[in-house]
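Below, each chain spelled out in residue letters.
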Amino acid sequence: MVDDAIVVLENITRFIERGMTPVQAAFRGAREIGFTVLSMSVSLVAVFIPILLMGGIVGRLFREFAVVLSIAICVSLAISLTLTPMMCAKFSAARG
């Protein structure tokens, strides 16, 4: 789930290396890669839907697992599209 933040961070770093200010790079990098990160997260959650709907004893055992991982993926998506660009812009501005 860290891969969402890494993808956003690499894209922002690419714009900073091209000479943009950290804040401009954070906005542009997050906007440019947002749909990709969203589609990655949705596809990961879609993998756990059959586990969530599974019946029987095995379904009961894995239901919490599927729910927890789906929520963690959604939280990772939210953090990678909001907190990661903000911290990248802030720390890059402080460094330079």
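Scroll up for the structure.
Worth saying up front: this structure is predicted, and the values here are computed from it rather than measured.

Considerations on the overall build of the chain
So, point 1. Scanning the chain from terminus to terminus reveals three helices and zero strands.
So, point 2. Going from the N terminus to the C terminus, the chain shows its helices and strands as α-α-α.
So, point 3. Expected size for 96 residues packed as a compact globule is a radius of gyration near 12 Å; at 17 Å, the chain overshoots this value by more than 25%.
So, point 4. Structurally, the chain occupies a C-alpha span of about 55 × 20 × 15 Å along its principal axes.
So, point 5. Long-range contacts, defined as pairs at least 24 residues apart, comprise 66% of the intrachain contacts of the chain with a sequence gap of at least 6.

Details of a nonpolar patch on the surface
So, point 1. On the surface, Ile49, Leu52, Leu53, Val67, Ile71, Val75, Ile79, Leu83, Met86, Met87 and Phe91 cluster together into a nonpolar patch covering about 1,000 Å² of accessible area.
So, point 2. Elements with a minimum of two residues in the nonpolar patch: helix H2 (22-52) and helix H3 (56-95).
So, point 3. Among the elements that make up the nonpolar patch, the one with the highest residue count is H3 (eight residues).

Regarding the packing of aromatic side chains
So, point 1. Inspection of the entire model under this criterion finds two aromatic pairs.
So, point 2. A centroid spacing of 6.0 Å and a plane angle of 80° characterise the contact between Phe48 and Phe65, whose relative ring orientation is edge-to-face. Placement of Phe48 in helix H2 and of Phe65 in helix H3 is noted, with a sequence separation of 17 residues between them.
So, point 3. For Phe65, a relative accessible area of 42% gives the class partly exposed.
So, point 4. With a centroid separation of 6.2 Å and an interplanar angle of 70°, the aromatic rings of Phe62 and Phe65 are classed as edge-to-face.

Considering H2
So, point 1. Of all the bends found along H2, the most pronounced is centred on Gly34 and spans about 45°.
So, point 2. Every buried residue of H2 is accounted for by Pro22, Ala25, Ala26, Gly29, Ala30, Ile33, Gly34, Val37, Ser41 and Phe48.

Some remarks on the pattern of salt bridges
So, point 1. Under the defined criterion, the tally for this structure stands at one salt bridge.
So, point 2. Residue Arg14 pairs with Glu32 through a salt bridge whose shortest N-O separation is 2.6 Å. Taken together, the positions of Arg14 in helix H1 (residues 2-17) and Glu32 in helix H2 put the pair 18 residues apart, joining distant regions of the chain.
So, point 3. With a relative accessible area of 29%, Arg14 lands in the partly exposed category.

Here is what the cut-offs are and how they apply
- Residues numbered from 1 in each chain as written.
- Predicted model: local features only at pLDDT ≥ 70, side-chain atom pairs only at ≥ 80, totals over all residues.
- Heavy atoms only, no water.
- Helix = DSSP H or I, 4+ residues; strand = E, 2+ residues; numbered from the N terminus.
- Rg over C-alpha atoms; globule rule 2.2 N^0.38 Å.
- Contact = heavy atoms within 4.5 Å.
- Patch = residues over 30% accessible without salt bridge, like charges linked within 9 Å, V, L, I, M, F, W, Y side chains within 5 Å.
- Areas by Shrake-Rupley, 256 points an atom, 1.4 Å probe, with all protein chains shown as cover.
- Salt bridge = Lys/Arg side-chain N within 4 Å of Asp/Glu carboxyl O.
- Phe/Tyr/Trp six-rings, centres within 6.5 Å; stacked < 30°, edge-to-face > 60°.
- Buried < 20%, exposed > 50% of the residue type's maximum accessible area, 1.4 Å probe, protein only.
- Bend = angle between axes of the 7 residues up to and from the residue.

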